[in-house]
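A look at the structure
Here is what each chain is made of, one letter per residue.
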Amino acid sequence: MSGAESEREEPDVEGVFGAGIKRDEDLPLLLGEGTYTDDISLPGMTYLAIKRSDHAHARIVDIDTSEAESKADVVAVYTGDDVEASGVPNTIPTAWDLPGLVQPQYRMLAIDKVRHEGDGVAAVVAETPQAAHEARKRIHVEYEELEAVTDPVTAVERDIPQIHEESDDNIAFDFELGDADAVNESFSAADRTASVTLRQPRLIPNAIEPRAAVADWNDSTQKLRLWMTSQNPHLHRMLLSAGTLGIPENNIRVIAPEVGGGFGSKIYHYPDEAITAWCSMQLGRPVKWRASRSEGYLTDCHGRDHVTDAEIAIDNDGTIQGVRVETHAGLGAHLSQFGTATPSYLYATVLSGQYTIPAIHCRVIGAFTTTTPVDAYRGAGRAEGIYVIERLMDVAARELGMDPTEIRRKNLIPADEFPYESAAALVYDSGEYERAMETALEHVDYETLREQQQTLREEGRYLGIGVANFIESAGLSPSGLAGQLGAQAGGWESSIVRFDSTGSVTVLAGTADQGQGHRTTYAQIAAEELGISVDDVEVVEGDTDRIPQGMGTYGSRSASVGGGSIARGARDVREKARRIAAHQLEASVDDIEFEDGEFYVAGASDRSLHIQAIAHEAYLGHDLPEEMDPGLEATNFYDPENFTYPFGTHVAVVEIDPETGAITIERYVAVDDCGEIINPTIVEGQVHGGIAQGIGAALYEGAAYDEDGHLQTRRMDEYAVPHATYLPDFETDSTVTPSPHNPIGVKGVGESATIAAAPAVVAAVTDALEPFDVDHLDMPVTPETVWRAMEEE
Ligand code: PCD
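An unreviewed UniProt entry lists the protein under the name Xanthine dehydrogenase family protein molybdopterin-binding subunit, with Halocatena marina as the source organism.

Further remarks concern the nonpolar core. Formed by 139 residues in total, the largest nonpolar core has its most connected members in Y668 and I695. Excluding residues that lie within four positions of it along the chain, I695 makes contacts with I665, Y668, Y700, L727, F730, A757 and V761. Ranked by size, the runner-up nonpolar core spans 42 residues in total, among them A527, V537, A615 and M628.

The subject of this paragraph is the site of the ligand. Neighbouring the ligand are 35 residues; G262, H518, S558, Q686 and V749 lie closest to it. Between F263 and the ligand, the recorded distance is 3.0 Å, taken from a backbone N or O atom to an oxygen atom. In this structure, Q686 approaches the ligand through a side-chain N or O atom, which is 2.7 Å from a nitrogen atom. For the shell around the ligand, the secondary structure elements donating two or more residues are α16 (518-530), α17 (558-584) and α19 (680-700). With three residues, the top contributor of residues to the shell around the ligand is α19. Per-class residue counts for the shell around the ligand are 12 nonpolar, 18 polar and five charged.

With that out of the way, let us pick up the sheet that holds strand β10 (residues 223-228). The strand order across the open sheet built from seven strands is β3-β5-β1-β12-β9-β10-β11, with neighbouring strands paired in mixed fashion. Because the sheet does not close on itself, it has two edges, and the strands there are β3 (74-79) and β11 (252-255). When strand polarity is set aside, the average angle formed by the axes of neighbouring strands in this sheet is 20°. Contacts from helix α4 (residues 129-137) reach β1 (46-52), β3 and β5 (120-126), with the element oriented near 25° to β1. Relative to the sheet, helix α8 (residues 271-283) contacts β1, β3, β5, β9 (212-218), β10 and β12 (287-290), its axis offset from that of β9 by approximately 30°.

In this structure the tally under the stated criterion is 51 salt bridges. With its nearest N and O atoms 2.9 Å apart, the salt bridge here joins R52 to E295. Here R52, found in strand β1, pairs with E295, found in helix α9 (residues 293-299); they are 243 residues apart in sequence, far enough to count as distant. The residues R52 and E295 share a single accessibility class, namely buried. A salt bridge links E575 to R578, with the nearest nitrogen and oxygen atoms 2.8 Å apart. With E575 and R578 both in helix α17, this residue pair falls three residues apart, about one helical turn. Looking at E575, the relative accessible area reads 33%, which means it is partly exposed. Judged by its relative accessible area of 12%, R578 is buried. What emerges from the salt-bridge pattern is a single network uniting R52, R211, D272, E273, E295 and D300.

What follows is about helix α6 (residues 180-189). Of all the positions in α6, only V183, S186 and F187 are classed as buried. Angular distribution of buried residues about the axis of α6 spans 100°; they occupy a single face of the element. Exposed side of α6, more than 90 degrees from the buried face: D181, E185, S188 and A189 are the residues found there. Of the surrounding secondary structure, the elements contacted by the buried residues of α6 are β8 (192-203), β13 (303-314), β14 (320-332) and β15 (359-368).

We now examine the confidence of the model for the protein. In regions of low pLDDT, the predicted coordinates are not meant to be interpreted in detail. With 98% of its residues at a pLDDT of at least 70, the protein reaches an overall mean of 96. Predicted confidence is poor over residues 1-14, with pLDDT under 50, and the contacts of this stretch with residues over four places away or in other chains come to 34 contacts.

Here we take up the domain arrangement of the protein. What the domain assignment reports for the protein is domain 1 (26-33 + 492-638), domain 2 (43-146 + 208-261 + 266-299) and domain 3 (303-476 + 642-792). Here the C-alpha centre of domain 3 lies 36 Å away from the C-alpha centre of domain 2. Summed over both sides, the interface between domain 2 and domain 3 buries roughly 2,500 Å², with carbon and sulfur atoms accounting for 64% of that surface. By the criterion of area lost to domain 3, the three top residues of domain 2 are W96, Y268 and Y297, representing 28% of everything that side buries. Linking domain 2 with domain 3 are one salt bridge, by the criterion used here.

Criteria and cut-off values
- Residues numbered from 1 in each chain as written.
- Predicted model: local features only at pLDDT ≥ 70, side-chain atom pairs only at ≥ 80, totals over all residues.
- Heavy atoms only, no water.
- Core = buried A, V, L, I, M, F, W, Y, C linked by side-chain atoms within 4.5 Å.
- Buried < 20%, exposed > 50% of the residue type's maximum accessible area, 1.4 Å probe, protein only.
- Contact = heavy atoms within 4.5 Å.
- Near = heavy atom within 4 Å.
- Polar contact = N/O pair within 3.5 Å; in protein donor to acceptor, adjacent residues only side chain to side chain.
- Helix = DSSP H or I, 4+ residues; strand = E, 2+ residues; numbered from the N terminus.
- Nonpolar A, V, L, I, M, F, W, Y, C, P; charged D, E, K, R; others polar.
- Pairing = 2+ DSSP bridges.
- Axes fitted to C-alpha atoms, helices over the stretch in contact; angles between N-to-C directions.
- Salt bridge = Lys/Arg side-chain N within 4 Å of Asp/Glu carboxyl O.
- Arc of directions from axis to C-beta.
- pLDDT = per-residue confidence, 0-100.
- Domains from an automatic or database assignment.
- Buried area = accessible area lost by both parts, 1.4 Å probe.

In structure tokens form, the structure reads like this:
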């Protein structure tokens, strides 16, 4: 290992960890036997439909629910006033504070105004879903329409309608990071500067399974059970308890059964799941709510929505001196839980990318707009930041007449400089950037491609090669640091590793899978540490009554923080077992060796005991060391000392049809480094999905609003998620640079490829268009954009 000192403990047995074994979770899912939230059915269950605003911005003058109430099978109709009158705290809280943050109250149902199309104004509960949907149409809301504003720059200019009383300029926060003076100096001292103004459009997450909730309040026990599509059931339990419903946390059970994709959109505490629970509390009956696809498009948090001016100061030899960035980030109508952190700390801090940049300054103006709230979507903040620095590298290369790979190579942080403290306030754990970059360039045969490009140009064909280097700050920890930066939740993870008396192991993990494959990879971690078969390990996630504590799955944290916790717990279990073995083998603990699940006395391998036999002894409790309690399990809380910093290089090769502007991705090469790999097959799957979503952002996706703030892309045939047939075969490879502080040396991988793919593809397109002097094109780069850019020349 190079780059950084390793403090991690090597696992005792080889083999399970690192094996590309098949996903344990797949068979029932493929057979259609998985239980999703919408599959939950309870006796006496009712159905909720939410009446939503069809205006982007309007004052509520009157809500007439009488006709809806008179309809057959309607159980109850509630408005925001009813919720307010019930005396619950009725707040959907933000989970990340920022200096000077304006925090208007976000309620379960609107009471005074609606602030985006889709804001909930009334809830109707009926005996059947059909009756609820029918009655919803019979709720009559009188509005006084106000002007809409969907663009984050326009929103903060004067004379624009005020969305929240608390903020007369629609600014939620004005955030700064870095050293403005040092940047000014670097710009005066450097030989040249280059700049780019860019937009990163709003993305709609598009998990296959829409959000859903089933709430069951029991009036006699005063307990709430809530099944929901959650990436973090414990966080939801916490936010529901104090902020929204006022129920003690220990009376709430949140269950996330199978979750069909999240990509960030199921992290958040939305008004909808909360109002489902509130309705059940009013009625004392179970209530089910399920979003339709279009309802999801209107209410699932969107991602990105940045407008950015970025500048880079460079010397003639390509050395970067400074970077200056100003971004208007659209937050939508309300502050979603991490809507404030995503465009600030998760964004500005990665602007150094893989490069040595002496001075960086970033200002982010967080703007309220009359649109769907914006929050983390795969890559969250990091994707936006890496896109900016990678676009800057390309415009700087153009300015200098340098090859884009040469300017990158020149400024890469050298492998012997880790841990590396960037000018954007991060300490990168480990990295070998040049190795990954050279691996990718070799794989794609960069030199030959450049020659081909030349030859083809002479024939009037336009090939483009785009290279993107990325880092990701994954893991969102340690808690102390997160707290200093404003987080209202911890960055740790928790797990229980428990041997049963017959030798099987249950791992209870506080993270919550939505397709990532935790049941397989966590079993691999535990099996490796305990020297047993993966088949003997059962992994349980997603139920706050079974798993006492946890933080959940987002920010590519589960492998490093969750997996780290499991490894530590398993080691505690192994150490207790070692003491039992020493006692029973009548040897000193220090003389007991462990291999492949077997404890034996050093030098006398015939005297041994298997860990699964020890588990039996531990529960039998007949012959344990003095003062040792029976049982064989460990509860672990793991708060890492740093984020992990995955990295890599992606290369996209495109050809542009000069007649139509059509873009074909000819090749896509991805070299990812996520430290030690638990399961290469799963990692490859994560990379594939990530590339697809990054290409989606680069070429196809983008939520569009009309002038009145109506979402124009509200159905799957209006919002262009890439089809498998649009995508090339991905050529993937990896390098391994372990994280030095993580107990198992892993780094995250879930978001990496999404971060890399968008800048790689946009770079490839602009590279193809070099003869037309096109430096930059905004995403999504469509054939029309390309064609127009070529025509303008
Ligand atoms: N791994 C391995 N190795 C390493 C790393 C990792 O093996 N080294 C693996 C693990 O174990 C898992 C996976 O892989 O299984 C992943 O991991 P991670 O990176 O740690 O991550 P997580 O935490 O688990 O997850 C999360 C992510 C995110 S964040 C997102 S968006 C997305 C991704 O994940 N989402 C999703 N991916 C995915 N997939 C799927 N299928 N689905 C989904 O939904 Mo955010 O923050 O939320 O925005």
